[in-house]
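Descriptive structure summary
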Amino acid sequence: MADEFMKGFACLMIGGLGWMTIGGWYRTPSFEGAQITGEVTIENPTLYDQIGLFMGEAFFWFAVFGALTFWVLLPLVSEFRTYLDERSA
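Residues numbered from 1 in each chain as written. Predicted model: local features only at pLDDT ≥ 70, side-chain atom pairs only at ≥ 80, totals over all residues. Heavy atoms only, no water.

Time to look at the overall build of the protein. Counting secondary structure elements, the protein contains 2 helices and 0 strands. Against the compact-globule benchmark of 12 Å for 89 residues, the protein has a radius of gyration of 19 Å, which places it well outside the compact range. Of all 89 residues assigned to the protein, the portion counted as buried reaches 19%. Of all intrachain contacts in the protein linking residues separated by at least 6 positions in sequence, the fraction that spans at least 24 positions is 59%. (Helix = DSSP H or I, 4+ residues; strand = E, 2+ residues; numbered from the N terminus. Rg over C-alpha atoms; globule rule 2.2 N^0.38 Å. Buried < 20%, exposed > 50% of the residue type's maximum accessible area, 1.4 Å probe, protein only. Contact = heavy atoms within 4.5 Å.)

Another point: helix 2 (residues 47–88). Along its length, helix 2 reaches its greatest deviation from straightness, about 45 degrees, at Thr69. In this fold, the buried residues of helix 2 make contact with helix 1 (2–26). (Bend = angle between axes of the 7 residues up to and from the residue.)

Relative to the assigned elements, Asp49 resides in helix 2. In this structure, Asp49 is buried with no salt-bridge partner, the nearest side chain bearing the opposite charge being Arg27 at 12 Å. Engagement of the side chain of Asp49 in a polar contact is seen with the side chain of Tyr26, the distance being 3.1 Å. If we ignore the near neighbours within four places in the chain, the residues touching Asp49 are Tyr26 and Ile42. (Lys, Arg positive; Asp, Glu negative; His and termini not counted. Salt bridge = Lys/Arg side-chain N within 4 Å of Asp/Glu carboxyl O. Polar contact = N/O pair within 3.5 Å; in protein donor to acceptor, adjacent residues only side chain to side chain.)

Per the counting criterion, the structure on display carries 1 salt bridge. Between Arg27 and Glu57 there is a salt bridge, with the nearest N and O atoms lying 3.4 Å from each other. Placement of Arg27 in the loop between helix 1 and helix 2 and of Glu57 in helix 2 is noted, with a sequence separation of 30 residues between them. Assessed through its relative accessible area of 35%, Glu57 is described here as partly exposed.

In this section: helix 1. Think of an α-helix as 3.6 residues a turn; residues three or four steps apart then line up on the same face. An ideal rise of 1.5 Å per residue puts 36 Å on 25 residues; helix 1 measures up with 36 Å between its terminal C-alpha atoms. If you check which residues of helix 1 are buried, you get Gly8, Cys11, Gly15, Gly18, Ile22, Gly23 and Tyr26. Looking at the packing, one finds that the buried side of helix 1 touches helix 2. (Expected span 1.5 Å × (residues − 1).)

Tracing the sequence through the fold places Thr28 in the loop between helix 1 and helix 2. Looking at Thr28, its side chain comes within polar contact range of the main-chain oxygen of Gly23, at 3.4 Å. In contact with Thr28, not counting residues within four places along its chain, are Gly23, Ala34, Gln35 and Ile36.

The next thing to look at is empty space enclosed by the protein. Applying the stated criterion across every chain, the model contains 1 cavity of 30 Å³ or more. There is about 50 Å³ of room inside the largest cavity. In this structure, the largest cavity is lined by Trp19, Ile22, Gly23, Tyr26, Arg27, Leu53, Gly56 and Glu57. Secondary structure elements with two or more residues in the lining of the largest cavity: helix 1 and helix 2. A total of 4 residues in the lining of the largest cavity trace back to one element, the largest contributor, which is helix 1. (1 Å grid on protein atoms, 1.4 Å probe; cavity = no way out; pocket = protein on both sides within 12 Å on 5 of 7 lines; lining within 4 Å. Points joined across faces, edges and corners; volume = space filled by probe spheres on them.)

No statement about biological role is implied by the geometric values presented.
What follows is the structure, encoded as structure tokens:
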């Protein structure tokens, strides 16, 4: 179970750091207002801006679903398999 914890933690850290980095670039209009979670202030985003914004969302959801997969889903599947094996024996 320790390896699942570390895999989930790695997903959370990689996704979180990527999301914060891209959020700092694109979603921080000023240091007095909202930071990292503010609105995107680019009027005509270039292709690279669009890719960056997409990657910010991808990093966020990778962090959420990666951690939940390794911390909740896989242990539940393992426990359910153990339960089915004990029940059939």
